[in-house]
Amino acid sequence: MDAEGLSADELFCFLKAKRKEDYSYSNILSSMCTSPHPVAVEAHNLFMETNLGDPGLFPGTADLEDRLIRWFADLYNEPSAGGCTTSGGTESNIQVLRFCKKTKNVENPNIIVPASAHFSFEKACGMMDIEMRIAPVDEEFRMRTDAAGELIDKNTCCIIGVAGTTEYGVTDPIPALGKIAGQEGIHLHVDAAFGGYVLPFIENAPAFDFSVPEVGSISVDPHKMGMSTIPSGVLMVRDEKVFCNLLVETPYLTTKQAYSLTGTRPGASVAAAYAVMAYMGRRGMKALVSGCMENTRRVIEGMEAFGVQRRVTPDVNVATFEHVSVPSPWIVSYTRRGDLRIVCMPHVNRDVVEAFLSDFGESHVPDIN
Ligand code: 0PR
């Protein structure tokens, strides 16, 4: 840090130049984040200085958090469900494993995740000394329930299913996982970080929420398909009592106990998440999701017309293909197996999809073998 500060002009000239070095979402086909909705930005700015770590100082913001949780309880078909906001999918998954480990209270706890699970579980298990048992997936990249069942033992404290996997956009067989979790009395967590804002707005979507009686918790991220600002996660639990064993004393705060992982917590992105849902309503979200799914189908159909095979038909707006390169300036990603992956986020609108397909078609040399 220099002795003298910069003028605001100099400072913002520098900051704007730095921001220009970032890629623009208009060419990003690899991200599960997107440009926040304008109402999210406005709400975020309005609540910029709020801190849900000391909620008694910000009762208005805390009320928005409660209202957001009530909406998700409704959306996920269990009006009495509880929950809290987090910084995103990683923190939500950590919180789930924290309470599952405490509740089970065995010496060598383990959890069962599908091979497709997000790497946040690896981090969480490392932090908490939990063994992560990996169940293989089937040819459509869904967790194999029989294999998951075989991995269970008396030390298993949680089974995880994913609704809208990060890499292939599919949903694990949650009702079947519910059966085995129920038989063994094990907590079933559904990681719906991505799919939690998609599946409720699609006709005939696979079951993933509290309507499956054994589902104990669901994580969902407003900063992904919820078009909110970063960082924003929600962790829903069927029975709020699971949080009790995470409580610590917070004597000098406005609330005397807290179970959240982080201390200071942004109210701004919570207000932003609330704003998007309030503004869009169910009908608006349905229209948004239908558009993303329509664009996903168009990408798949367009790529197949160039002879590039889809890897799987997804449940959410993630399209995957056999490995092929794409021309610049398009930014795509490749899965651990090497498959091309395109996420049709709201910024990947129909014009973007057509521009990508046209550029791809011009550059692609079909493999004649
Ligand atoms: N669970 C699932 C199913 C996820 O897909 C992700 C993240 C997480 C948990 C963790 O969420 P947080 O990153 O909010 O903690 N999925 C994306 C991924 O890791 C996140 C992402 C977003 C990555 C934008 C890149 C990017 O540009 O691939």
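Everything that follows concerns the structure shown earlier in this document.
Residues numbered from 1 in each chain as written. Predicted model: local features only at pLDDT ≥ 70, side-chain atom pairs only at ≥ 80, totals over all residues. Heavy atoms only, no water.

Undergrad: Explanation requested: the pairing of strand 1 (residues 82–86) in the structure shown.
TA: Regular strands show a simple pattern: their side chains alternate between the two faces of the sheet. The buried fraction of strand 1 amounts to five of the five residues, a majority that puts the element mostly inside the structure. The two faces of strand 1 match: Gly 82, Cys 84 and Thr 86 on one face and Gly 83 and Thr 85 on the other face are all buried. One ladder, built from five bridges, connects strand 1 with strand 7 (residues 233–237); its direction is antiparallel. Each bridged residue has a counterpart across the sheet, and for Cys 84 the counterpart in strand 7 is Leu 235. (Buried < 20%, exposed > 50% of the residue type's maximum accessible area, 1.4 Å probe, protein only. Helix = DSSP H or I, 4+ residues; strand = E, 2+ residues; numbered from the N terminus. Pairing = 2+ DSSP bridges.)

Undergrad: Hey, could you run me through the pairing of strand 6 (residues 215–220) in this one?
TA: Within strand 6, six of the six residues are buried, leaving the element largely enclosed by the surrounding structure. Looking at chain direction, strand 5 (residues 187–191) and strand 6 are connected through four bridges and run parallel. Residue pairing in the sheet places Asp 191 in a bridge with Ser 219 of strand 6. Sheet topology places strand 6 next to strand 7; four bridges connect them, and they run antiparallel. Among the inter-strand pairings, Ser 219 is bridged to a residue of strand 7, identified as Leu 235.

Undergrad: Please clarify how the nonpolar core should be interpreted in this entry.
TA: Nonpolar side chains in soluble globular proteins tend to end up buried together. Counting 64 residues, the largest nonpolar core has Phe 72 and Met 236 as its most contacted members. Of all the elements in the fold, those that place two or more residues in this core are helix 2 (38–46), helix 3 (59–75), helix 7 (174–184), strand 5, strand 6, strand 7 and helix 8 (268–305). In terms of residue count, the dominant contributor to this core is helix 8 (15 residues). When we break this core down by domain, the ones giving at least three residues each are domain 1 (8–36 + 281–363) and domain 2 (38–277). (Core = buried A, V, L, I, M, F, W, Y, C linked by side-chain atoms within 4.5 Å. Domains from an automatic or database assignment.)

Undergrad: For this particular structure, what's the right way to read the side chain of Thr 296?
TA: With respect to the helices and strands, Thr 296 occurs in helix 8. Apart from residues lying up to four places away in sequence, Thr 296 is in contact with Pro 314, Val 316, Asn 317, Val 318, Ala 319 and Cys 344. (Contact = heavy atoms within 4.5 Å.)

Undergrad: When you look at the sheet that holds strand 3 (residues 131–135) in this model, what are you seeing that I'm missing?
TA: Sheet strands pair via backbone hydrogen bonds, and the direction of the pair is either parallel or antiparallel. Strand order in this open sheet of seven strands is 1-7-6-5-4-2-3, and the pairing throughout is mixed. The sheet is open, and its two edges are formed by strand 1 and strand 3, each paired on a single side. With strand direction ignored, the average angle separating the axes of adjacent strands in the sheet is 20°. Along the sheet, helix 3 makes contact with strand 1, strand 6 and strand 7, crossing strand 1 at roughly 120°. Helix 4 (residues 89–104) rests against strand 1, strand 2 (110–114), strand 4 (156–162), strand 5, strand 6 and strand 7 of the sheet, and its axis sits at about 150° to strand 4. (Axes fitted to C-alpha atoms, helices over the stretch in contact; angles between N-to-C directions.)

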